[in-house]
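Listed here are the chains, written in short residue letters.
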Amino acid sequence: MAKPIVLIAEELSPATVEALGPDFDVRTVDGTDRPALLTALADASAVLIRSATQVDAEAIAAAKNLKVIARAGVGLDNVDIKSATEAGVMVVNAPTSNIISAAELTVGHILSLARHIPAAHGALADGQWKRSKYTGVELFEKTIGIIGLGRIGALITARMQAFGTNIVAYDPYVTAARAQQLGVTLLPLDEVLAQSDFVTIHMPKTPETTGMIGDAQFALMKPTAFIVNVARGGLIDEDALYRALSAGTIAGAGLDVFVSEPPAASPLLALPNIVVTPHLGASTDEAQEKAGVSVARSVRLALGGELVPDAVNVAGGVINPTVRPGIPLMEKLGQVFAGLATGPVTSIDVEIRGEIVEFDVSVLKLAALKGIFTNVVSESVSYVNAPLLAEQRGIPVRLSTDAESDEYRNLLTIRGVLSDGTKISVSGTLTGPKQAQKIVEINGYDVEVPMAEHLIVMVYTDRPGIVGVYGREFGDAGINIAGMQISRREAGGQALSVLTVDSPVPEGLLDSVRVAIKADLLRDIDITE
C-alpha cells in the first residue's frame, strides 16, 4: 500500500522530519507559491506549516485527502479553522513550544529596563562613556505584578522569585490556593498596578482584554514603574502608552508585540524610555525545534486515528457519531459558563443526561473545559491541556452521567461554584434533524434560546416596563436584538432575560444598562463560532 503523503510547506528542523518517522511519504513545497501549494495538497493526508503558508477554504477544498493541518507554532491566524472543521480536517498546533522562550524574553525585558542595557550599549557603541546617565535599579525586594497567572505567568513567577522579588498578580480565574502554592499574592487589577515596580501582561486577546491597560490604568502606576508586554499586541492601548511614557507617568516600557506588525509608523519607537523587540517570543532554536517535533508527533497520532493532545477543533480518536455533535455545543456552553462567572471558579461539574450516556462521553468533559478556558488564558487551549489548566488553578472537575432525562432526549450541563459560594450553571441540548444547538437553562432558570454568537444575560427584579428600559438603551445605541426570552419563578420576583444580538455590545453600554435597570448581573458573552 502507498504511504500517506505528508507535505512540508515551510522550512522545519531535521528533527521534525525524524519525528515523523518512516511511515510516510514526506514531500516538500514552497507554501508561499500558491499554484504549487494547491497542486501539492491534492494528494496530501497532512500538511505542516509555520506562519507564511495560508491554508484557507480554497486550499482545504483542493486537498480532498487531507486529514490534518499542523502549525509548527502557537498562532493559527493563517489557518481557516472553520472550513477545516466543516471538512472534517483536524487542526493542530504546538501550544507549549514557546512558553519557556516567552517567559525568558519577559525576564530579559525586565532586566533591560531595570539596567538600561540597550541604551547603554547603543551609547558605548557610538563612542560615548556615560556611566552616570544609565544608573539603574536592582530587582531585589521590588514588587513584580503579573497580569495573567497561567503557565507563562507561573514560569515568570519562579524566575523572578530567584531575584528576591515580591510577586503580586491579577487573574480572576486563579484560586487563592493555587496562588498560595506559587507564592503569589492575588490582588484586584488596580492594586496590582498601584503596588508594582514592574508589570508584565500575559492575558489572551479578547474583546474584553483589548486595550485593558490605558490612560486610567497608567495613572494608577508609580512614576518609577515599568510595564512589559510579550503576550499579544493590543492588550496595551499604544496611544495611551505613548502619552504615559512622554509625560513621565511611568518610567518605561518593554514591548515585543504590537497592534500592527511591523510597527513602522509607531511614535513609540522614537521614545528613549522604551525597549522594543520584533515579536521574538518564540524565536529561539529550542522553541522552533520543539514546535516542529510536537506537531510531527500530532500528525502521527492523527493519521493513526488516535486522540491528539493538541487538536484545536476536533478531539481526534474514536468518538461515537452520536456523541460528536455534542462537542461544539459543550464548548460553547463552556464559554457561556465562563462569561457567567463573576469570580474565581473553585469547582466544576459536567453532567450528561439521556440516551447519549450509553456511549463514551468523556470527550464532552474535555470540550466543556476547552470552552471555559478558551478566552480566559493566554495560551492555546486543547482537549488535553484543558484539564491541566483546571488542575493548575486548583479546580476539581467531575463528570457524572444519568440515563434519565425528563424533558430532553439528551441534556448537557456545566455547574460550578465560585470562591464566594455563588453557584452558576448552564445547560444545553440538540434538537431536530439538524441538531440545532439550544440553551435550555441558566443559573436555575428555564429558558429555550438558540445558541448565538453574541448573548446578553440579565438578572433583575421583575416589574412592568423593564423590557422597554433596556430595549430602548440597546436601540438608541444601534444594537439590534435578534431574539429574547424572559424566565421567572414568580411575578414580581427575580427574572432572567436572555437576549441574542447581532453585534458585540461595548462595556460602556452595558454599564449604562446596568444603571438603567439596576441589574444584578449583566454580561456580554462573545461566543466564537
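Cut-offs applied
- Residues numbered from 1 in each chain as written.
- Predicted model: local features only at pLDDT ≥ 70, side-chain atom pairs only at ≥ 80, totals over all residues.
- Heavy atoms only, no water.
- Helix = DSSP H or I, 4+ residues; strand = E, 2+ residues; numbered from the N terminus.
- Rg over C-alpha atoms; globule rule 2.2 N^0.38 Å.
- Buried < 20%, exposed > 50% of the residue type's maximum accessible area, 1.4 Å probe, protein only.
- Contact = heavy atoms within 4.5 Å.
- Arc of directions from axis to C-beta.
- Polar contact = N/O pair within 3.5 Å; in protein donor to acceptor, adjacent residues only side chain to side chain.
- Phe/Tyr/Trp six-rings, centres within 6.5 Å; stacked < 30°, edge-to-face > 60°.
- Axes fitted to C-alpha atoms, helices over the stretch in contact; angles between N-to-C directions.
- Left-handed = near helix turned anticlockwise from the far one by under 90°.
- Nonpolar A, V, L, I, M, F, W, Y, C, P; charged D, E, K, R; others polar.
- Core = buried A, V, L, I, M, F, W, Y, C linked by side-chain atoms within 4.5 Å.

Colleague: Describe in detail the overall build of the protein, supporting the description with residues and values.
Modeller: A count of helices and strands for the protein gives 17 helices and 22 strands. What you see for the protein is a C-alpha radius of gyration of 25 Å, in line with the 24 Å of a compact globule of 529 residues. Scored against the burial criterion, the 529 residues of the protein give a buried share of 52%. Nonlocal contacts in the protein, meaning residues at least 24 apart in sequence, comprise 63% of its contacts between residues at least 6 apart.

Colleague: Which residues make up helix H11 (residues 238-247), and what are the values?
Modeller: Among the residues making up H11, those that are buried are Glu238, Ala240, Leu241, Ala244 and Leu245. Burial along H11 is one-sided: seen end-on, the buried residues are contained in an arc of 155°. Those residues of H11 that are exposed and angled more than 90 degrees off the buried face are Asp239 and Ala247. With a side-chain oxygen positioned 3.0 Å from the backbone nitrogen of Asp239, the residue opening H11 is Asp237. Among the residues trailing H11, Gly248 stands out with phi positive, at a value near 75°.

Colleague: If you had to explain the packing of aromatic side chains to someone new, which residues and values would you point to?
Modeller: Overall, the coordinates contain two aromatic pairs when judged by the stated rule. Pairing Phe198 with Phe226 gives two aromatic rings, centres 5.1 Å apart and planes at 15°, and the pair type is stacked. With a gap of 28 residues between them, Phe198 in strand E9 (residues 198-201) and Phe226 in strand E10 (residues 226-229) connect regions that are remote in the sequence. Taking the centre distance of 5.9 Å and the plane angle of 55° together, the rings of Tyr460 and Tyr470 count as tilted.

Colleague: Can you explain the packing of helix H14 (residues 362-374) against helix H15 (residues 385-392)? Please cite residues and give values.
Modeller: Relative orientation of the contacting elements H14 and H15 amounts to 65°, with a least axis distance of 8 Å. As for how H14 packs across H15, the hand of that crossing is left-handed. Packed against H14, whose contacting residues are Leu366, Leu369, Lys370 and Phe373, the element H15 presents Ala386, Pro387, Leu389 and Ala390 at the interface. Within the contact of H14 with H15, the residues separate by chemical class into seven nonpolar, no polar and one charged.

Colleague: Give a description of the nonpolar core that names residues and reports values.
Modeller: Formed by 47 residues in total, the largest nonpolar core has its most connected members in Met330, Leu364 and Phe373. Of all the elements, helix H13 (residues 326-340) adds the most residues to this core, at eight residues. Filtering out sequence-adjacent residues up to four positions away, Met330 remains in contact with Val350, Ile352, Leu364, Ala367, Ala368, Leu412, Thr413 and Ile414. Core analysis: the second largest hydrophobic core is formed by 27 residues, Leu113, Leu182, Val230 and Val275 among them.

These results come straight from atomic positions and should not be treated as a statement about function.
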